[in-house]
Amino acid sequence: MSRAVLSLGSNLGDRLGFLKLALDAVRPALVAVSSVYETKAWGVEDQPDFLNAVCVVDDPARDHWAWLRTGQAAEQAAGRVRELRWGPRTLDVDVVTVDGVESADPELLLPHPGTPDRASVLVPWAEIEPAAVLPGHGPIAQLLAARPADEVATVRRTDLELR
Ligand SMILES: Nc1ncnc2c1ncn2[C@@H]1O[C@H](COP(=O)(O)OP(=O)(O)OP(=O)(O)O)[C@@H](O)[C@H]1O
Ligand SMILES: Nc1nc2c(c(=O)[nH]1)N=C(CO)CN2
């Protein structure tokens, strides 16, 4: 119940600083973190490019709700204002999966339903856990192979440092 995969995204203001803020919130529990990727926005396409990264965290003291709250607290600290769905934001922390947990609660859907369709999550996740399996969907390497090549090409690894 304690190991989770989180996706981090920012496309407003100090993008790298906001990703670091999110990472700092989970650092004691950090197992692995991907490179930082610059990605074209999906959903609402007329908005600035995102920086995205994925991290794996593990903390026996935290259940899936605690991971959601940790992410939401980081979003608040980044001054996030909820406006448009899929719109620009200083910081977005999504709980991608939590080991052993499936949830249909709209407050915390697990696995996160957008994951199979988002190269901006699958590419960084595959970098740190190439053999990962998304419960109910299969190996992430297969999900990634099913994404259109032109979409995958818009997810570009940067030299920016998160650690
Ligand atoms: N797995 C999850 N991780 C994070 N938030 C979730 C999850 N499942 C449901 N939610 C809920 O989603 C709500 C809206 O989140 P948010 O505003 O970040 O959506 P979004 O980023 O625009 O869209 P998406 O969730 O498709 O990326 C939050 O209030 C949260 O409770
Ligand atoms: N590339 C990319 N596009 C997005 C992202 C994101 O993190 N990366 N987050 C969104 C918010 O729901 C909407 N669109």
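Computed from a predicted model, the values in this text were never measured in an experiment. (Residues numbered from 1 in each chain as written. Chains lettered and ligands numbered in written order. Predicted model: local features only at pLDDT ≥ 70, side-chain atom pairs only at ≥ 80, totals over all residues. Heavy atoms only, no water.)

### Some remarks on the site of ligand 1
Contacts to ligand 1 come from 17 residues, most closely from Arg80, Arg82, Glu107, Leu109 and Arg118. Arg80 places a polar side-chain atom, nitrogen or oxygen, 2.8 Å from an oxygen atom of ligand 1. A distance of 2.8 Å separates a nitrogen atom of ligand 1 from a polar atom in the backbone of Val95. Starting from 620 Å² of accessible surface for ligand 1 in isolation, the protein chains cover 83%. At the level of secondary structure, the elements contributing two or more residues to the shell around ligand 1 comprise α2 (64-77), β5 (92-98) and β7 (108-110). (Near = heavy atom within 4 Å. Polar contact = N/O pair within 3.5 Å; in protein donor to acceptor, adjacent residues only side chain to side chain. Areas by Shrake-Rupley, 256 points an atom, 1.4 Å probe, with all protein chains shown as cover. Helix = DSSP H or I, 4+ residues; strand = E, 2+ residues; numbered from the N terminus.)

### Some details on the site of ligand 2
Around ligand 2 sit Thr39, Lys40, Ala41, Trp42, Phe50, Asn52, Trp86, Arg89, Asp92 and Ser120, and that is every residue in its neighbourhood. Within the backbone of Trp42, an N or O atom sits 3.0 Å from a nitrogen atom of ligand 2. Measuring from an oxygen atom of ligand 2, one finds a side-chain N or O atom of Asn52 at 2.8 Å. Contact with the protein chains removes 94% of the 340 Å² of surface that ligand 2 exposes when unbound. Grouping the constituent residues of the shell around ligand 2 by class yields four nonpolar, three polar and three charged. (Nonpolar A, V, L, I, M, F, W, Y, C, P; charged D, E, K, R; others polar.)

### Thoughts on the side chain of Thr97
With respect to the element layout, Thr97 can be found in strand β5. Dropping the residues within four chain positions of it, Thr97 is found in contact with Arg3, Ala4, Val5, Leu110, Pro111, Trp125, Leu134 and Pro135. (Contact = heavy atoms within 4.5 Å.)

### Some details on unusual backbone geometry
With omega at -10 degrees, the peptide bond leading from Leu110 into Pro111 counts as cis. Even without a glycine there, the phi angle at Trp86 is positive, about 65 degrees. You can see Trp86 is positioned in the loop between α2 and β5.

### Details of the pairing of β5
Of all the seven residues making up β5, seven are buried; the element is thus mostly covered by neighbouring parts of the structure. Strand direction decides the pairing type here: strand β1 (residues 3-10) and β5, joined by six bridges, are antiparallel. Within β5, the residue paired with Ser7 across the bridge is Asp94. (Buried < 20%, exposed > 50% of the residue type's maximum accessible area, 1.4 Å probe, protein only. Pairing = 2+ DSSP bridges.)

### Observations regarding the UniProt feature "domain: 7,8-dihydro-6-hydroxymethylpterin-pyrophosphokinase" (unreviewed entry) in the protein chain
Cross-referencing UniProt, the feature "domain: 7,8-dihydro-6-hydroxymethylpterin-pyrophosphokinase" (unreviewed entry) maps to residues 85-96 in the present numbering. Between the end C-alpha atoms of residues 85-96 the distance is 18 Å, and the span holds 0% helix and 42% strand. (UniProt positions renumbered as here; feature names shortened; annotations may be inferred.)

### Some details on the nonpolar core
The biggest cluster of nonpolar side chains holds 29 residues, and the ones touching the most others in it are Val57 and Trp67. Secondary structure elements with two or more residues in this core: β1, α1 (15-26), β2 (30-33), β4 (50-58), α2, β5 and β7. Broken down by element, the residue count for this core peaks at six residues, all from α1. Not counting chain neighbours up to four residues away, the residues in contact with Trp67 comprise Ser2, Ala4, Leu6, Val26, Ala29, Val57, Asp58, Asp59, Arg62, Val95 and Val98. Core analysis: the next-biggest nonpolar cluster, separate from the first, contains 18 residues, Val5, Tyr37, Leu122 and Leu134 among them. (Core = buried A, V, L, I, M, F, W, Y, C linked by side-chain atoms within 4.5 Å.)

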